[in-house]
Structures are given as structure tokens and as C-alpha cells.
Amino acid sequence: MKAVEIKQGVFWVGAVDWAVRDFHGYETPRGTTYNNFLIMDEEITLIDTVKYDFADLTIKNIAGIVDPARIKNIIINHIENDHASSLDRIMALAPQATIYISDKGRKGIERFFDLSNWNVKSVKTGDTLCIGARTLEFLETPMLHWPDSMVTYSRHDRILFTQDAFGQHVASASRFDDEFEKSDSAAELEDAVVDYYANILMPFGQMIKTKIAEIQAKGFDIDIIAPDHGLIWRANPGKVLSMYMDMANGKANESVAIIYDTMWQSTEKMAVPIAEGIRAEGLDCRVVKLRATPMSVAIKEFWKSRGALIGSPTLNNILYPSVAEFLTHLRGLRPKNRIVGAFGSYGWGGGAVRDAYEEFKKMGLQAVEPGFQIPYRPSRADEEGAFEFGRNFARQVIEYHKGF
Ligand SMILES: Cc1cc2nc3c(=O)[nH]c(=O)nc-3n(C[C@H](O)[C@H](O)[C@H](O)COP(=O)(O)O)c2cc1C
Ligand SMILES: [Fe+2]
Ligand SMILES: [Fe+2]
């Protein structure tokens, strides 16, 4: 897609990746974009680059506006490969440019590029760069989501360039939130924000609150939030800010996700009356079979609901591998403010449900005990037991949810 002027003199010059369906292991059914921005001021300034395979596209977009050799400053807000890996291509065209990057960013990109012939300046929170009519200000956001991460603010344009934060994996001909809400829908955009947050930012809620407070304390007026993925927030930047604050503060739906796997459908047969029991208490319920669902979608569904029930058969004394994988994945994301329980079918000694509770303990999640397990296939009486188990769990979710 061609360059787009997002505000007078500030251009999106990024690339749309329509085809990517697996973004470092995360399902991206809508593809994604790598956004970077060119500011046409006395000193021409590029903010971020794009994934290496898309270098030609951003160079073409830049060249449609100005000779890339005239780029004076390159700001690298985040060194991850999807944003910094075509830096060498840009530097080949603009060898005199100076790179502005956080100290940790500088140490990181040394592992990717030979910096000896490049001008590189480390910047920290509060440092500014005057590029003509504009003065850009940097704010480090370490661990949002890498140690090097920072954001750049242009007061002149009232734009906050936020790298991955506030981004979404959405490939679209639309560049802006309002355009996408028209071409697609507000619900799809919100879903993409939640998906991104759940899979990338879930561990960093506390830091998100601190950094949003810092942005507010600095008095950054914001007309536009320009992330490095997906739609640019120009119609309603406040919406994504409040979504982030809500999620960081533990907001979730008063509902339950049943996340399970099964070999011979016994655990699955338990999931149905459990779901009915949850519904009987008036809660919504999502049922997710792990081998039929991409991991990142299962994580998103977990994150959306206040409660989750994890179902697993026992295989060789322990959790079924896809369930173990899910729980390992989840543990790395350090979930908070969720209530959980486990169920499953076994043949003889069991072990899966016990292991699930061990995992819950490691995560420090509130767990409803005991779990519900039955040998082999559920009988009619077991189905009633499963219904009651679901019902009781739903009641506990309702109680727990009152705390938010
Ligand atoms: C390869 C294999 C290994 C198993 N290992 C165990 C085990 O170590 N302990 C146990 O209690 N049951 C074990 N089982 C029995 C299953 O847990 C039992 O068949 C259960 O009902 C399967 O639930 P599902 O229909 O939801 O897959 C094993 C089953 C298979 C196929
Ligand atoms: Fe990243
Ligand atoms: Fe990224």
C-alpha cells in the first residue's frame, strides 16, 4: 500500500503483510502490518523500519515522498526483528543518518548489525530531539514488551508513536481505526486489541498502568496513537488507552471458558453438562478444544473470561500434552485476576487433574477445589455430577467477580 499522510508532514510508510498466518507462533488470521513513519521536517526523520522481507516496500514508500538519502534521523523505538531488521537497508541508502535508540536497544542491535560505521545515539526518558518545527520527546517503556522498548512523542503533531503497544495484528487497506470500523467493524478491532494484549502484554499490566500514568503526568496531548502494527488510532485514541487500563486493572467478562482436550471424547462428554451447569447459573460459556484451536486463540479466550475450567484426560500418568502446553504457555503470561478449576477422564491412576492444580498453584491463581474426575466414560450420574460441578464453579465465579 502507498504512503499515507497521517497528519500534515507525517507519513505512514510501512508495509501490509496480507499473508502471514503464523507470527512467531501466534495465529494471525487477518495478517498484520509493519508500520513505520516518516516525518518531513527540516531534518527528515524516520521512526522504525519494517520486517526484513518488506524492506523494499518501505523504501519504495519513502522514495515516493523524498530521496531516502536525505533521511537525517532514524528513531528505533523497538529492536524486535519485525521492526528493526531492515535497518541495514535504510542505512545503506542514508549512511549519514543518526540512529536514536534506548541504551538497551543499542546493546541489543549490536547483536544484529555492525554499528562501527553508523552514528548511534542512546536516548533516555525525557531526552528530546529538535528536527525543525518539531521537537520529539522520548519515553522509555522497558518490558513493554522488550527491555529496549520506548515511545516517541511529537507535541507539534500530538502524535504518540508507540511501537507494539496499542497495536493489533490486522492487515487491511484501511490505515485508521475509523476506516476499519466502517469497512469491518468496531467489534473486530476490539477483538484484535484484546488478542494482542492477551498474547503479548498480559504479563505487564502493572507496567502498563505506570506508563500510562507517566504519559498523563507529562501532559502529552494525544490526537493520534500510531502503533507499529495494524490500525492507527486517530478517531478514538482514548478508546484503546481505556481498553488497556481496563485490562491492566483486571477487567474480564463475567463468563467461563472451558478449555480442554480429549483422546476418546470422554473429557469432551464431561464438558457439555459442565457448560450446561454454567449456563444454568446465567453465565456465558465458551468451549475451546485445544487441538482444534490455535494456541493464541485459546489464550485470548482464557483472558476474556473471569473463570476458566481446564479439561484433560490422563496420558501416561500426567496431563495430556496439548493441555500441558497450554498451561505452560499461560504460566509464562503470568495471568492474574482469574479463577480456575480442572476436570477430566482417566483410566486407572489418573494424574491430569492433579497436575492441572499444581500448575494453577505455580501461577498463583485462585483455584476451586476439588476438581472433577471420572474413570473412562461418564455415566448418566457422572453427567449430573458434571452439571453440578459447572454450576458450583459458576457460583464461585460470580462471587469472585464481585471483587472487580
Ligand atoms: C496411550 C494412553 C495412555 C494412558 N495413560 C494413562 C495413565 O497413565 N493413567 C490413567 O489413569 N489413564 C491413562 N490412560 C487412560 C485414559 O486416561 C482414559 O482412556 C480416559 O478415559 C481418556 O479420556 P478421553 O476420552 O477424554 O481421552 C491412557 C490412555 C492412553 C490411550
Ligand atoms: Fe515486539
Ligand atoms: Fe511487533
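Not measured: the values here are computed from a predicted model.

### Overview of the domain arrangement of the chain
- Examined at the domain level, the chain breaks down into domain 1 (4-249) and domain 2 (257-398).
- On a C-alpha basis, the centroid separation for the pair domain 1 and domain 2 is 38 Å.
- Taken together, the contacts link 13 residues of domain 1 with 13 residues of domain 2.
- Approximately 1,200 Å² of surface area, both sides summed, lies buried where domain 1 meets domain 2, with 61% of it carried by carbon and sulfur atoms.
- Per-residue buried area on domain 1 facing domain 2 is highest for Asn-199, Met-202 and Pro-203; these three make up 43% of the total on that side.
- Close ionic contact of Asp-191 with Lys-304 constitutes a salt bridge, the shortest N to O distance being 3.4 Å.
- The tally of links from domain 1 across to domain 2 stands at four residue pairs in polar contact (both at pLDDT 80 or more).

### A word on the sheet that holds strand β2 (residues 10-12)
- Pairing is mixed across the open sheet formed by seven strands, whose spatial order is β1-β2-β7-β8-β9-β10-β11. At either end of the open sheet lies a strand with only one pairing partner, and these are β1 (4-7) and β11 (119-123). Strand-to-strand, the axes of this sheet are offset by a mean angle of 25 degrees, without reference to chain direction.

### As for the site of ligand 1
- Neighbouring ligand 1 are 18 residues, the closest being Thr-262, Met-263, Thr-267, Asn-317 and Ser-345.
- Contact between ligand 1 and Asn-316: a nitrogen atom at 2.7 Å from a main-chain N or O atom of the residue.
- Within the contact set of ligand 1, an oxygen atom lies 2.6 Å away from a side-chain nitrogen or oxygen of Ser-345.
- Surface burial for ligand 1 is 83%, taken as the share of its 630 Å² of free accessible area covered by protein chains.
- Secondary structure elements with two or more residues in the shell around ligand 1: α9 (266-280), β20 (314-315) and β22 (339-346).
- Here the residues of the shell around ligand 1 are counted per class, giving seven nonpolar, eleven polar and no charged.

### Quick notes on the UniProt feature "domain: Flavodoxin-like" (unreviewed entry) in the chain
- With numbering aligned to this structure, UniProt lists the feature "domain: Flavodoxin-like" (unreviewed entry) at residues 256-394.
- A helix fraction of 46% and a strand fraction of 26% characterise residues 256-394, whose end C-alpha atoms lie 7 Å from each other.

What counts as what
Here the residue numbering is sequential within each chain, running from 1 through the sequence in written order. Written order determines the labels here, with chains lettered from A and ligands numbered from 1. Selection of residues for local features in this predicted model requires a pLDDT of at least 70, selection of side-chain atom pairs for listing and counting requires 80 or more, and totals for whole chains, interfaces and linings are taken over all residues. Side-chain numbers here rest on the full set of heavy atoms in the structure, without hydrogens or water. As used throughout, domain bounds are those supplied by an automatic or database domain assignment. The contact criterion used is simple: two residues touch if any of their non-hydrogen atoms lie within 4.5 Å. Note: buried area is the sum, over both parts, of the accessible area (probe 1.4 Å) each one loses when the two are combined. Only one rule defines a salt bridge in this text: a Lys or Arg side-chain nitrogen within 4 Å of an Asp or Glu carboxyl oxygen. N or O atoms within 3.5 Å of each other form a polar contact, as long as, within protein, one can give a hydrogen and the other can take it, and as long as residues adjacent in sequence are counted only when both atoms are side-chain atoms. Only strands that DSSP links by at least two bridges are regarded as paired with each other. Every helix listed is a DSSP run of H or I at least four residues long, and every strand listed is a run of E at least two residues long, numbered separately from the N terminus. For helices, the fitted axis covers only the stretch in contact; all axes are lines through C-alpha atoms, and the angles between them, taken along N-to-C directions, range from 0 to 180 degrees. Nearness is defined per residue: one heavy atom within 4 Å of the molecule or strand is enough. Calculation of accessible area relied on Shrake-Rupley with a 1.4 Å probe; when residues are assessed, cover is drawn exclusively from the protein chains displayed. Any residue that is not Ala, Val, Leu, Ile, Met, Phe, Trp, Tyr, Cys, Pro, Asp, Glu, Lys or Arg is counted as polar, Gly included; the first ten are nonpolar and the last four charged. UniProt positions are given in the numbering used here, feature names are shortened, and annotations may be inferred rather than shown by experiment.

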